[in-house]
Amino acid sequence: SENAITVMKLLKHLSVKQHVASMVIIHQPNPEVFALFDRLILLSKGRCMFSGPCQDLSTFYETNYDEALPVDAVIADDLIAK
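Not measured: the values here are computed from a predicted model.

Regarding the pairing of strand β2 (residues 47-53)
Okay, so step 1: Summarising the sheet, strand β1 (residues 39-44) and β2 pair through six bridges and their orientation is antiparallel. Following the sheet pairing, I41 is matched in β2 by S51.
Okay, so step 2: Linkage of β1 to β2, two consecutive antiparallel strands, is achieved through a turn of two residues, within which K45 is found at a positive phi near 55 degrees.

Written out as structure tokens, the structure is:
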């Protein structure tokens, strides 16, 4: 939703400006919100599937799924479907 994007942009701006970390819990964020994340901790069924910089997701896909990071897919939805 538009409100989620606005809140996340504000949170990102404040975090960068104040030099502090922010942690959010979001279930299946849309691509615009997902693009604002620097780091990701992905949990599935109580286990950590991925933890690290979002830029490392392409390596994660190649290593764990033997496929490239999907370009046209909603990454959060695709990861949950795995």
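A look at the environment of L11
Okay, so step 1: Note on placement: L11 falls in helix α1 (residues 2-18).
Okay, so step 2: Spatially, the C-alpha atoms of L11 and V24 are 9.6 Å apart, while their sequence positions differ by 13 residues.
Okay, so step 3: Ignoring anything within four residues of it in the chain, the contact list for L11 reads S22 and V24.

Points about the packing of aromatic side chains
Okay, so step 1: One pass over the structure, following the stated rule, counts five aromatic pairs.
Okay, so step 2: On the basis of an interplanar angle of 85 degrees and a centroid distance of 5.6 Å, the ring pair of F60 and Y65 is categorised as edge-to-face.
Okay, so step 3: We classify Y65 as partly exposed; its relative accessible area is 23%.
Okay, so step 4: Ring plane angle 65 degrees and centroid distance 5.4 Å describe the contact between Y61 and Y65, whose orientation is recorded as edge-to-face. Residue Y61 and its partner Y65 are located together in helix α3 (residues 57-65), separated by four residues, close to a single helical turn.
Okay, so step 5: Taken together through their ring pairs, the aromatic side chains of F50, F60, Y61 and Y65 make up a single cluster.

Each value, and the rule that gives it
- Residues numbered from 1 in each chain as written.
- Predicted model: local features only at pLDDT ≥ 70, side-chain atom pairs only at ≥ 80, totals over all residues.
- Heavy atoms only, no water.
- Pairing = 2+ DSSP bridges.
- Helix = DSSP H or I, 4+ residues; strand = E, 2+ residues; numbered from the N terminus.
- Contact = heavy atoms within 4.5 Å.
- Phe/Tyr/Trp six-rings, centres within 6.5 Å; stacked < 30°, edge-to-face > 60°.
- Buried < 20%, exposed > 50% of the residue type's maximum accessible area, 1.4 Å probe, protein only.

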